[in-house]
Amino acid sequence: MLAFGFIFSVGPQLDAQAASTGFVAGRVFSAKTGNALPGAPVYLDGATAPASTTDSSGSFTITGLAPGEHSLRVTYSDLDSLTKTVIVEAGVAATVEFSLSSSIYMLDAFVVAAEREGQAFAISQQRQSDVMKNVVSADAFGNILDTNAGEILKNIPGIFVNYDGEDVKDFSVRGISPNATTFTTDGNVLANSGLSAIDDYDRAVSLKTFSIAAVETIEVYKVPPPSSPANASGGVVNMITKNAFDQKGRRVSFGLNLNLNTKALDFGSSNAGGAEPSRKWGPGFNFYYSEAFLNNTLGVSFTLNAYENYRYSFELGEFGDTYPSLPSGELPSAGTEGFLNDWLMTERSSRNQYRTASLNLDYKLSRNTSIFLRTSYNDGKELNSHYHRLRIGRVGGSTYDAANSDFDTMDINGYWSMSLNGAPSQGRYNENWSVNPGVKHTFSWGKLDYDGYMSRAFTKGANGINSITLQSPLGHFVLSDARHEDGATITQIDATSTNDWLDLDNWTTLLVQSYDQLLTDRRNGGKFNVMAPVTLFGHPLALRAGGSYVDWNRKTHSLRSDYNLKINSSTPNYSEFYDPNFLDSSDASRSVIPNWISTQKVTEYFYNNPDMFTRNEADYYTYLARYTRDISESVAAGYFMGSWQIANFNIMAGARYERTEVETSGWSRGIDWSTTPPTLVTGVDVRDQIARGENSYDNWFPNAQLKYEPVANLILRAAYTTSIQRPDMTKLVPSDSLSFNADNQYYTFQRANIALKPQYSTNYDLSVEYYLPNSGVVTAGWFYKEIDDYILQTTGWADNIMPGLLDWFTDYPVWVQTMQNVGTAKMSGYEFSYRQNFKQFKFLPSPLQNLDFYGSFSYAKPEGDIEILNMKRKVLNARLTYRARSWYATVAYYWCDSWLRRNPTSVGSVEEGTFRMGDDGVYVAPSDRWDVSFNWQFSNTWTLSFDWRNILNEKEKYTRYDRAVRHYVGGTTIAVAIKANFH
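Residues numbered from 1 in each chain as written. Predicted model: local features only at pLDDT ≥ 70, side-chain atom pairs only at ≥ 80, totals over all residues. Heavy atoms only, no water.

As annotated in an unreviewed UniProt entry, the chain is TonB-dependent receptor from Termitidicoccus mucosus. Taken directly from UniProt, the Sequence similarities (unreviewed entry) text for the chain runs: "Belongs to the TonB-dependent receptor family." Here the chain is described in UniProt, under the heading Subcellular location (unreviewed entry), as follows: "Cell outer membrane". (UniProt positions renumbered as here; feature names shortened; annotations may be inferred.)

In structure tokens, the structure reads:
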């Protein structure tokens with residue numbers, strides 16, 4: 001309503017003014033590459049402040065001009081400025097086009113010039129913006145062969161990417177959780193297919209299933225304006241897709257690529273659990289076509305991309321600890337006595353296929369109106385995979401000898417479990433698509449645009465026989481030096497011919513699990529924006545208002561059947577299932593283990609002998625109910641803002657309003673609270689034990705950002721903003737769960753919390769930017785956040801977490817797990833970045849002047865008593881590039897200091913003000929990685945590229961009190977490609 005009132009009140013007044021004045025509409029291009037140049041300032045009649053700035057298509061409009069002759073000058077980083085004269089008539093649009101060039105790189109090959117231009121574009125956009133943001137061109141960092149946006153985002157100050165093996169999974173901004181960053185495409189939050197069919201209920205986008213093949217520009221708002229979604233404590237990342245009007249002429253490119261994993265650095269095949277060996281290398285190709293037709297009124301942009309990859313990982317942990325003598329209500333410390341209670345090792349490999357297609361259409365109905373259609377399709381498929389795991393500790397019936405155990409040694413009478421998968425009838429598959437039509441109007445008084453979108457995604461888990469488990473005989477085991485990165489020394493004290501765990505024929509309890517899982521994600525929405533330039537006290541004021549609505553629904557459905565192998569005279573010896581390919585191999589070189597069994601052999605036996613298996617009917621229906629979930633969330637929003645330019649000083653201020661409504665349903669284990677202690681409800685079909693919940697909240701988000709340029713090339717910024725982080729989706733499904741541990745005599749009670757409120761963040765930012773010649777820039781910034789209603793998973797005994805439960809549970813202790821808003825978390829930090837082309841250092845030898853350097857450092861720290869989960873405290877990025885006329889090579893280094901991965905133990909009651917957190921959290925150890933790349937344009941058309949990521953194969957390590965909790969290694973990836981550009 002605010003926006004519509006703005007249109008109807010301001011628009012007619014501006015139309016009356018426009019009748020006696022004229023305006024200029026123009027576009028700005030690169031003479032070398034033909035690309036549009038967004039963010040270029042346009043100066044009118046010799047003024048020192050720009051009268052307009054080009055948009056994403058290189059277009060600009062200057063209204064309210066007196067009839068007559070006017071001078072226009074356009075500048076752009078690294079390019080020569082250009083001045084033209086236009087004749088303006090009342091009520092008529094004068095058109096003009098600028099084609100900027102530069103002697104700096106007019107002689108460069110096309111691909112090198114495009115990369116340089118991408119950097120210049122980023123600097124220009126950042127400099128001209130009236131809000132704090134970073135802009136990255138998709139060309140700025142060379143070829144991204146797997147089209148993963150994280151490979152670009154990791155080069156931006158304050159951004160840290162999280163890896164799943166050798167692929168970027170998601171990212172965080174300034175150390176805030178990935179769920180706190182809104183990820184949009186052309187301003188819309190699209191459906192996300194995720195990586196798991198039942199567990200992906202967070203809000204972070206899965207970069208592994210999102211392709212940037214069709215992306216032209218990436219905008220990163222660490223301090224978002226009111227026009228951006230408010231779920232942005234970690235900022236907003238917006239992908240702007242390709243547009244045929246963003247460059248001149250026809251563009252066609254085609255490329256072929258090949259990638260390898262250094263764990264299997266050959267062109268052969270290996271067994272991966274399936275019937276056919278798995279190829280360990282992955283081919284790929286990409287195609288791009290763009291052209292404007294019908295006298296430049298119809299623009300067509302089309303992309304097609306496909307590739308395969310092979311991935312491998314080996315993991316030890318996460319190891320579990322227990323503190324048997326710790327008094328109730330006390331927090332553990334580094335000196336608290338205890339011992340290791342869980343040890344496991346896991347090996348995975350997979351070959352995957354990813355495909356992407358997009359078609360963007362733009363049509364100019366008239367000089368003032370255009371329509372557009374953005375479409376995209378992505379899918380991913382697991383072609384072959386295997387998974388091996390051995391575990392001891394948290395297997396039912398195990399007991400520990402505490403006197404002979406410590407944090408490095410496990411003395412246990414227990415069972416080993418072996419888990420495998422890799423023989424499903426169909427591997428995991430995910431798919432997402434979107435359709436986004438819209439209209440843009442340009443009036444004499446301003447602009448109006450509106451669009452809607454429909455987006456769908458789904459993830460289908462692997463079908464068929466997905467998991468096989470079996471159990472060793474009971475034995476007395478000692479695991480020495482258990483936390484070593486090469487595995488534990490495993491000794492069986494009481495080994496005999498009938499209980500030797502290394503003999504597969506002594507193993508029992510073979511269980512075959514069949515899955516059918518599906519996650520669906522649906523988003524529909526729309527938005528509109530109206531913009532009008534006016535004058536206030538003789539200074540230009542850009543007014544903007546708009547609204548949006550998004551409806552989000554996510555569902556999961558899962559069927560799981562458990563089949564137990566019968567024990568009778570026909571039961572085969574387990575050695576008949578041994579795997580002749582994997583044998584007893586593992587990367588835990590210090591650990592002697594039994595032969596693995598073959599998932600393929602077990603699967604064949606299962607299908608050939610169905611009468612030898614019994615299905616667990618009760619677990620079938622319980623699992624069906626447990627993972628049948630339905631969550632809906634709708635957000636209605638409106639905003640208004642103004643950007644007022646007073647000489648070299650700019651004030652941007654406004655506010656946003658959002659109304660959020662949530663409805664959820666899911667399985668809740670039936671608990672009878674009328675008894676003491678409470679008991680599980682019996683005699684009720686688990687499919688009827690569905691709980692439902694509702695929640696709603698609304699918020700105002702004031703926003704003010706200042707920009708001041710006291711001298712040429714020096715910009716000072718300050719901002720006060722507000723934002724929220726909504727609760728993770730999975731935490732909103734109302735459910736209670738109760739179980740009893742007969743071995744250790746205690747209850748476990750778990751409760752989701754539909755009443756969780758969003759975290760509300762108040763943000764303060766300061767920054768200094770100094771712009772150097774040849775697209776150089778030095779920036780420094782400071783930020784501070786106060787996060788109210790901080791959401792924390794609290795775990796502990798009921799007398800500390802939920803003392804009211806003790807009114808029902810009087811016989812044994814109760815261990816509680818739940819989510820709560822616990823108070824205010826605070827954090828502060830600073831950022832520094834430096835980018836420089838060495839051409840300006842004339843004292844250097846000529847070859848060294850071809851170097852480019854980019855580096856950034858970010859530091860964040862918690863303030864107060866609440867440690868912030870997943871906050872990356874120190875992050876360093878550095879890139880050194882050598883650029884010749886037709887080739888360039890880059891070495892990149894990334895480092896991250898230790899950060900909190902698992903929350904520490906907590907005690908006390910939030911309600912009673914006695915809440916405390918311990919220091920036994922799990923931290924990711926400091927890590928670093930090196931990447932190298934090379935690009936050579938060996939003809940006017942063809943380019944050869946080479947990329948090697950994580951060349952030193954750095955391992956990932958988790959620790960608690962400096963004790964190893966997890967070791968992880970995933971190999972490195974190498975890719976080569978050849979590409980043709982036709983222009």
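Engineer: Can you break down the overall build of the chain residue by residue, with the values?
Structural biologist: Helices and strands together make up the secondary structure of the chain, namely six helices and 57 strands. Across the 983 residues in the chain, those meeting the buried criterion constitute 58%. Of the contacts made within the chain by residues no fewer than 6 positions apart, 73% connect residues no fewer than 24 positions apart. Approximately 38600 Å² of the chain is accessible, and the part contributed by carbon and sulfur atoms is 53%. (Helix = DSSP H or I, 4+ residues; strand = E, 2+ residues; numbered from the N terminus. Buried < 20%, exposed > 50% of the residue type's maximum accessible area, 1.4 Å probe, protein only. Contact = heavy atoms within 4.5 Å. Areas by Shrake-Rupley, 256 points an atom, 1.4 Å probe, with all protein chains shown as cover.)

Engineer: An account of a nonpolar patch on the surface is needed here, citing residue identities and associated values.
Structural biologist: A cluster of nonpolar residues, F254, L256, W936, F938, W942, L944 and I978, forms a patch on the protein surface that exposes about 590 Å² of accessible area. Secondary-structure elements contributing two or more residues to the nonpolar patch are β14 (251–261) and β54 (942–949). Assignment of secondary structure puts I978 in strand β57 (residues 973–982). Assessed through its relative accessible area of 31%, I978 is described here as partly exposed. (Patch = residues over 30% accessible without salt bridge, like charges linked within 9 Å, V, L, I, M, F, W, Y side chains within 5 Å. Salt bridge = Lys/Arg side-chain N within 4 Å of Asp/Glu carboxyl O.)

Engineer: So what's going on with unusual backbone geometry? Residues and values would help.
Structural biologist: Omega for the peptide link from G317 to E318 comes to 10 degrees, which places this bond in the cis form. Looking at the secondary structure, you find E318 in the loop between β18 (298–317) and β19 (320–322). In this model, A647 sits at a positive phi of 55 degrees, which is unusual for a non-glycine residue. The residue A647 is located in the loop between β33 (629–646) and β34 (649–667) in this model. Here N950, not a glycine, exhibits a phi torsion of approximately 55 degrees, which is positive. Note that N950 resides in the loop between β54 and β55 (956–960).

Engineer: Give me the lowdown on the sheet that holds strand β40 (residues 746–751), citing residues and values where you can.
Structural biologist: Reading across from one edge, β39-β40-β44-β43 is the order of the four strands in this open sheet, with mixed pairing throughout. Both edges of this open sheet fall to β39 (736–741) and β43 (791–797), since each of them pairs with a single strand only. Each strand of the sheet is rotated relative to its neighbour by a mean of 15 degrees, with strand direction disregarded. Inspection of the sheet shows β39 paired to β40 by six bridges, in the antiparallel sense. Bridge pairing in β40 places F740 opposite Y747. (Pairing = 2+ DSSP bridges. Axes fitted to C-alpha atoms, helices over the stretch in contact; angles between N-to-C directions.)

Engineer: Run through the packing of aromatic side chains, naming residues and quoting values.
Structural biologist: All chains considered together, the criterion is met by 41 aromatic pairs. With a centroid separation of 6.5 Å and an interplanar angle of 40 degrees, the aromatic rings of Y574 and F577 are classed as tilted. For the pair Y574 and F577, one class covers both residues: buried. Centre to centre, the rings of F701 and Y760 are 5.8 Å apart; their planes meet at 15 degrees, and the pair counts as stacked. With a gap of 59 residues between them, F701 in strand β37 (residues 690–711) and Y760 in strand β41 (residues 759–772) connect regions that are remote in the sequence. Put simply, the rings of Y563, Y574, F577, Y605, F606, Y607 and F613 pair up and form one aromatic cluster. Here the basic side chain of K84 rests over the ring of F98, its NZ or CZ set 5.4 Å away from the ring centre. (Phe/Tyr/Trp six-rings, centres within 6.5 Å; stacked < 30°, edge-to-face > 60°. Lys NZ or Arg CZ within 6 Å of the ring centre and 35° of its normal.)

Engineer: Help me get a handle on the environment of K248, residues and values and all.
Structural biologist: Among the structural elements, K248 can be located in the loop between β13 (236–241) and β14. In this structure the C-alpha to C-alpha distance between K248 and S30, which are 218 residues apart in sequence, comes to 9.1 Å.

Engineer: Break down the environment of T241 for me, citing the residues and quoting the values.
Structural biologist: Note that T241 resides in strand β13. Looking at T241, the relative accessible area reads 11%, which means it is buried. Counting along the chain gives 119 residues from T241 to N360, while the straight-line C-alpha distance between them is 8.2 Å. A distance of 2.8 Å separates the side chain of T241 from the side chain of D186, its partner in a polar contact. (Polar contact = N/O pair within 3.5 Å; in protein donor to acceptor, adjacent residues only side chain to side chain.)

Engineer: A description of the pattern of salt bridges should follow, citing residues and the corresponding values.
Structural biologist: Considering all chains together, one arrives at 41 salt bridges under this definition. A salt bridge links E658 to R656; the nearest nitrogen and oxygen atoms lie 2.9 Å apart. In this structure, D897 engages K874 in a salt bridge whose closest nitrogen and oxygen atoms are separated by 4.0 Å. Placement of D897 in the loop between β48 (887–896) and β49 (899–902) and of K874 in strand β47 (residues 874–883) is noted, with a sequence separation of 23 residues between them. By relative accessible area, which is 18% here, D897 ends up buried. Taking the relative accessible area as the measure of exposure, K874 reaches 29% and is therefore partly exposed. One connected set of salt bridges, linked through shared partners, spans E151, K154, R929, D931 and R949.

Engineer: Mind laying out the side chain of S52, listing which residues take part and the relevant values?
Structural biologist: Checked against the element boundaries, S52 lands in strand β3 (residues 52–53). For S52, a relative accessible area of 12% translates into the label buried. Among the polar contacts listed, one links the side chain of S52 to the backbone oxygen of T61, at a separation of 3.3 Å.

Engineer: An account of empty space enclosed by the protein is requested, with residue identities and associated values reported.
Structural biologist: The gaps left among the atoms become clear once a water-sized probe is rolled over them. This model, assessed by the stated rule, comprises twelve cavities of 30 Å³ or more. Quantified by volume, the second largest cavity comes out at close to 260 Å³. N134, K222, S767, E769 and E831 are, among the 18 residues lining the second largest cavity, the residues nearest its centre. Elements supplying a minimum of two residues to the lining of the second largest cavity: β41, β42 (776–788) and β45 (825–837). Tallying contributions element by element places β42 first for the lining of the second largest cavity, with four residues. Taken together, the residues of the lining of the second largest cavity sort by class into six nonpolar, six polar and six charged. (1 Å grid on protein atoms, 1.4 Å probe; cavity = no way out; pocket = protein on both sides within 12 Å on 5 of 7 lines; lining within 4 Å. Points joined across faces, edges and corners; volume = space filled by probe spheres on them. Nonpolar A, V, L, I, M, F, W, Y, C, P; charged D, E, K, R; others polar.)

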